[in-house]
Amino acid sequence: MKEPITVSITGAAGQIGYAILFRIASGFVFGEEQPVNLRLIEIEPGLPALKGVVMELEDCAFPLLNEVVATTDLDEGFKGANWAFLIGSVPRKAGMERADLLGINGKIFTGQGQAIARSASKDVRVLVVGNPCNTNALIAMNNAEGVPNDRFFAMTRLDENRAKSQLAAKAGVHNSDVTNLCIWGNHSATQYPDFTNAKIKGRPVTEVITDRDWLEGEFIKTVQQRGAAIINARGASSAASAANAAMDTVKSLINPTPEGDWYSVAVCSDGSYGIEKGLIVSMPIRTKDDGSWEVVQGVPVNDFSREKIDATVNELKEERDAVKDLIPA
Ligand SMILES: NC(=O)c1ccc[n+]([C@@H]2O[C@H](COP(=O)([O-])OP(=O)(O)OC[C@H]3O[C@@H](n4cnc5c(N)ncnc54)[C@H](O)[C@@H]3O)[C@@H](O)[C@H]2O)c1
């Protein structure tokens, strides 16, 4: 058996936590040969529920689960972490402005970034799911002194999966026939699901789905508004699909990407595609054979795409400006 890896998860007693812990413990993400330690982080009010979740983890008797720690202490929670899933955050409540939410959640991610820098493993990688995830990741990254920027990610995979599923349904094919689907920008209603470069069975989507009005209109809107549609239907925000997308993200980051394809995750911009350096922006990413990732270069950006990308990146600049006090100079 291999040495266990350590996975830290914040908001572990929440909806997404409940949908992700058991699958990580079962080997779905890191493989059936890889034992895992789980370090589960909650705030005080979440601890009783977390104790119940830990009891259920025990009751699964998972062969790969080596150790479980439940804590409210960030240094204990991130101790030795190879992977950190930052899921916990405060949901937006009625009457709360976006700026208020940014401020409240931003403070959570300064402390978590600092604790990751102090206590996690040197090879730590961090996936931020808690919203607003791009800007939360930006704050964590800038407060994690000594941890390289290329270790921080924010999740747009749920949007990619949603977009693939919509295209597949329209074309009457299976989800797995849809490739090269990039979500650009922010995980918000300004995100741009790029149908212009996506493919179905290797052919451009625009050749397979010739209804351009649908692609430019209803398709984009459906993907952008899907989170709200789930809340309306279920009375609660998407959780199982979000957990699934978080696991898909990590699997994509640790396994080489099939030749010619890419996946979506928000990373620290290196200036590619004219996007301001240092912002956390979703782009086309691939994982190389050596396990490192890169921004896929040369993806065509037409005028339609440029306008959409600029709009979502502008929103990210505004979010960054709203939390500038939380980002050390
Ligand atoms: N990026 C995406 O695609 C995506 C998709 C779905 C949901 N989300 C976001 O994921 C987050 C979690 O969603 P959920 O449905 O699990 O919410 P939830 O309210 O069910 O659970 C959140 C948990 O986080 C805990 N928490 C709050 N602050 C914390 C802190 N400072 N440290 C540790 N734990 C803390 C809470 O006690 C709670 O148990 C939300 O911000 C949601 O908007 C993101």
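Per an unreviewed UniProt entry, the chain goes by Malate dehydrogenase and derives from Luteolibacter algae.

(A) Main features of the overall build of the chain. Scanning the chain from terminus to terminus reveals 10 helices and 14 strands. The C-alpha atoms of the chain give a radius of gyration of 19 Å, which matches the 20 Å a tight globule of 329 residues would have. Residue burial in the chain is summarised as follows: out of 329 residues, 51% are buried. The long-range share in the chain, meaning contacts at least 24 apart out of those at least 6 apart in sequence, stands at 72%. Surface exposure of the chain reaches about 14,400 Å², of which carbon and sulfur atoms provide 49%. Within the chain, one finds 33 positive and 42 negative side-chain charges whose respective centroids are separated by 1 Å.

(B) Structural view of the sheet that holds strand 11 (residues 203-204). Taken in spatial order, the three strands line up as 7-10-11 in an open sheet, and their pairing is antiparallel. Both outer strands of the open sheet, strand 7 (178-179) and strand 11, are each paired with one neighbouring strand and no more. Here strand 10 (residues 199-200) pairs with strand 11 via two bridges, running antiparallel. Counted as the bridge partner of K199 is P204 from strand 11.

(C) Representation of the UniProt feature "domain: Lactate/malate dehydrogenase C-terminal" (unreviewed entry) in the chain within the structure. Taken from the UniProt record, the annotation "domain: Lactate/malate dehydrogenase C-terminal" (unreviewed entry) applies to residues 156-324. From the first C-alpha to the last, residues 156-324 spans 23 Å; its make-up is 46% helix and 17% strand.

(D) Just the nonpolar core, in detail. Counting 74 residues, the largest nonpolar core has I9, I20, L21, I24, L38, F85 and L167 as the members making the most contacts within it. With seven residues, helix 9 (residues 240-254) is the largest single contributor of residues to this core. Apart from residues no more than four positions distant in its own chain, L21 is found in contact with I9, A12, L38, L40, V53 and L57.

(E) Representation of the UniProt feature "domain: Lactate/malate dehydrogenase N-terminal" (unreviewed entry) in the chain in the model. If you check UniProt for "domain: Lactate/malate dehydrogenase N-terminal" (unreviewed entry), the listed places come out as residues 7-148 in our numbering. In the segment residues 7-148, helix accounts for 45% and strand for 18%; the C-alpha atoms at its two ends are 18 Å apart.

(F) Structural detail: the pattern of salt bridges. Applying the stated rule across the entire model yields 15 salt bridges. Its salt-bridge partner being E216, residue R212 comes within 3.1 Å of it at the nearest N-O pair. With R212 and E216 both in helix 8 (residues 212-234) and four residues apart, this pair spans about one turn of that helix. For R212, a relative accessible area of 34% puts it in the partly exposed group. According to the relative accessible area criterion, E216 is partly exposed, its value standing at 31%. K288 serves as the salt-bridge partner of E294, at 3.9 Å between the closest nitrogen and oxygen. A relative accessible area of 32% means that K288 is categorised as partly exposed.

Cut-offs and rules
Residues numbered from 1 in each chain as written. Predicted model: local features only at pLDDT ≥ 70, side-chain atom pairs only at ≥ 80, totals over all residues. Heavy atoms only, no water. Helix = DSSP H or I, 4+ residues; strand = E, 2+ residues; numbered from the N terminus. Rg over C-alpha atoms; globule rule 2.2 N^0.38 Å. Buried < 20%, exposed > 50% of the residue type's maximum accessible area, 1.4 Å probe, protein only. Contact = heavy atoms within 4.5 Å. Areas by Shrake-Rupley, 256 points an atom, 1.4 Å probe, with all protein chains shown as cover. Lys, Arg positive; Asp, Glu negative; His and termini not counted. Charge placed at Lys NZ, Arg CZ, Asp CG, Glu CD. Pairing = 2+ DSSP bridges. UniProt positions renumbered as here; feature names shortened; annotations may be inferred. Core = buried A, V, L, I, M, F, W, Y, C linked by side-chain atoms within 4.5 Å. Salt bridge = Lys/Arg side-chain N within 4 Å of Asp/Glu carboxyl O.

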